[in-house]
Amino acid sequence: MKEYFWLIQFLFSIVLAPLLPGIISRVKAIFAGRHGKPLLQGYFDLWRLMRKGEILCQGWPFVLAPAIVAASSILALAFLPLGGQTSPLGFAGDFIFAAYLLGMGRFALMLGALATGSAFEGMGASREAAFSALAEPALFLAFLIFSSFCIDMGHFSTADTGSAFSLNSMLKGQLVLAWHYGKAPLFIAPIVLFILLLAENCRIPVDDPTTHLELTMIHEVMILDQSGPNLAFMQYGASLKLWFFASLLASLTIPPMDFLPATLLWLGQIAVIGVLVGLVESLMARLRLVRVPHLLGMASALAALALILTQVS
């Protein structure tokens, strides 16, 4: 029966993912003193693009990239214990598989950009590759922090410690006890994940998703030649990836509880995360590109510090 609960939350994620960018845009509009776009603008854009024609570049990477981007984000999301419910697809070490599913989508996106032969899109692909390589250590260190807490809290026997490296074990309410006992290293992990959310989804201060200046774009420049349904798949895949990191961050504070309150808490926390992203984008300027590695390096350093503290505390 609990698998059906997870399936309901997974369907919520598939349907509500385009709403999260709408929340961010609405918060930014309020801070700018504008009325802004409606919250459902993402759905309107997807519907409009799906009905348009498209121009395809020669080469299979360009044609297949949108579908791979969307499918990889959906599959990665399927391994998360959404709203405190156990994912039926989980296994020991699944966090590596989920991370590299997102990496596969990124690789397909970069190949599709390179297939156009555009210097601007090649420049964006180069930046995407460099920044993702710097963000990857911080992500894996954060997962190791969560698994270390699960082992330290005594949820696994010595023979079963491999289960602590499953996303279900890391995020299905186990960390709430660590919060309750005031484990200081765990307070660093949300900061690291929030920085990764901004970096991996090309949000300010790493990138500006609304800019049209090719020399400063990262993600948007790689989809300049996409159109119609392919562009819709790209935008939907980006929304799912943003939802993945928001759900990952929200799962840190969801205690074991019944399905309905856990789902409401989970959705409420994702909405709050969307508001926080909107606040950051309203109050901060975009960093110079040479400063972005410093930000990602700081995230990795914080995650490494937290992991060391979990071993000595």
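Read on for an overview of the structure. Computed from a predicted structure; not experimentally measured. (Residues numbered from 1 in each chain as written. Predicted model: local features only at pLDDT ≥ 70, side-chain atom pairs only at ≥ 80, totals over all residues. Heavy atoms only, no water.)

What follows deals with the overall build of the chain. Summing up its helical and strand segments, the chain has 12 helices and zero strands in all. Across the chain, helices and strands are ordered from the amino to the carboxyl terminus as α-α-α-α-α-α-α-α-α-α-α-α. Expressed as a percentage of the 313 residues in the chain, the buried residues total 50%. For the chain, the accessible area works out to roughly 14,100 Å², and carbon and sulfur atoms hold 70% of it. (Helix = DSSP H or I, 4+ residues; strand = E, 2+ residues; numbered from the N terminus. Buried < 20%, exposed > 50% of the residue type's maximum accessible area, 1.4 Å probe, protein only. Areas by Shrake-Rupley, 256 points an atom, 1.4 Å probe, with all protein chains shown as cover.)

Within the secondary structure, L111 is located in helix α5 (residues 94-115). Under the relative-accessibility criterion, L111 is labelled partly exposed at 28%. Put simply, L111 and F62 are 49 residues apart on the chain and 7.1 Å apart in space, counted from C-alpha to C-alpha.

Core analysis: the biggest nonpolar cluster contains 83 residues, and F143, F146 and L167 have the highest contact counts within it. Per-element accounting of this core gives the leading share, 13 residues, to helix α10 (residues 228-250). (Core = buried A, V, L, I, M, F, W, Y, C linked by side-chain atoms within 4.5 Å.)

A separate point is the layout of surface pockets. Any space left empty among the atoms is revealed by the rolling of a water-sized probe across them. Space inside the largest pocket adds up to approximately 1,300 Å³. For the lining of the largest pocket, the elements supplying multiple residues, two or more each, are α2 (19-31), α3 (41-50), α4 (60-77), α5 and α10. Of the residues forming the lining of the largest pocket, the biggest block, nine residues, is contributed by α10. When the residues that make up the lining of the largest pocket are grouped by side-chain class, the tally is 18 nonpolar, 17 polar and 13 charged. (1 Å grid on protein atoms, 1.4 Å probe; cavity = no way out; pocket = protein on both sides within 12 Å on 5 of 7 lines; lining within 4 Å. Points joined across faces, edges and corners; volume = space filled by probe spheres on them. Nonpolar A, V, L, I, M, F, W, Y, C, P; charged D, E, K, R; others polar.)

Once that is clear, we can look at α2. The first and last C-alpha atoms of α2 sit 19 Å apart over 13 residues, in line with the 18 Å expected at 1.5 Å per residue. Those residues of α2 that fall on the buried side of the exposure criterion are L20, G22, I23, I24, V27, K28 and A29. Downstream of α2 by one or two residues, G33 has phi in the positive range, about 80 degrees. (Expected span 1.5 Å × (residues − 1).)

Attention now moves to α3. What α3 keeps buried is the set D45, L46 and L49. Buried residues in α3, looked at end-on, bunch into an arc of 100 degrees, giving them a common side. Packed against the buried residues of α3 are α10. (Arc of directions from axis to C-beta. Contact = heavy atoms within 4.5 Å.)

Residues L56, W60, V63 and L64 make up a contiguous nonpolar surface patch of about 400 Å² in total accessible area. One can find L64 in helix α4. (Patch = residues over 30% accessible without salt bridge, like charges linked within 9 Å, V, L, I, M, F, W, Y side chains within 5 Å. Salt bridge = Lys/Arg side-chain N within 4 Å of Asp/Glu carboxyl O.)

Before going further, it helps to examine the packing of α3 against α10. With their axes 7 Å apart at the nearest point, α3 and α10 run at an angle of 155 degrees to one another. Classified by the angle between their axes, α3 and α10 sit roughly antiparallel to one another. Contacts from D45, L46, L49 and M50 of α3 reach α10 at G228, P229, L231, A232, Q235 and Y236. (Axes fitted to C-alpha atoms, helices over the stretch in contact; angles between N-to-C directions. Parallel < 35°, antiparallel > 145°, perpendicular 65-115°, else oblique.)

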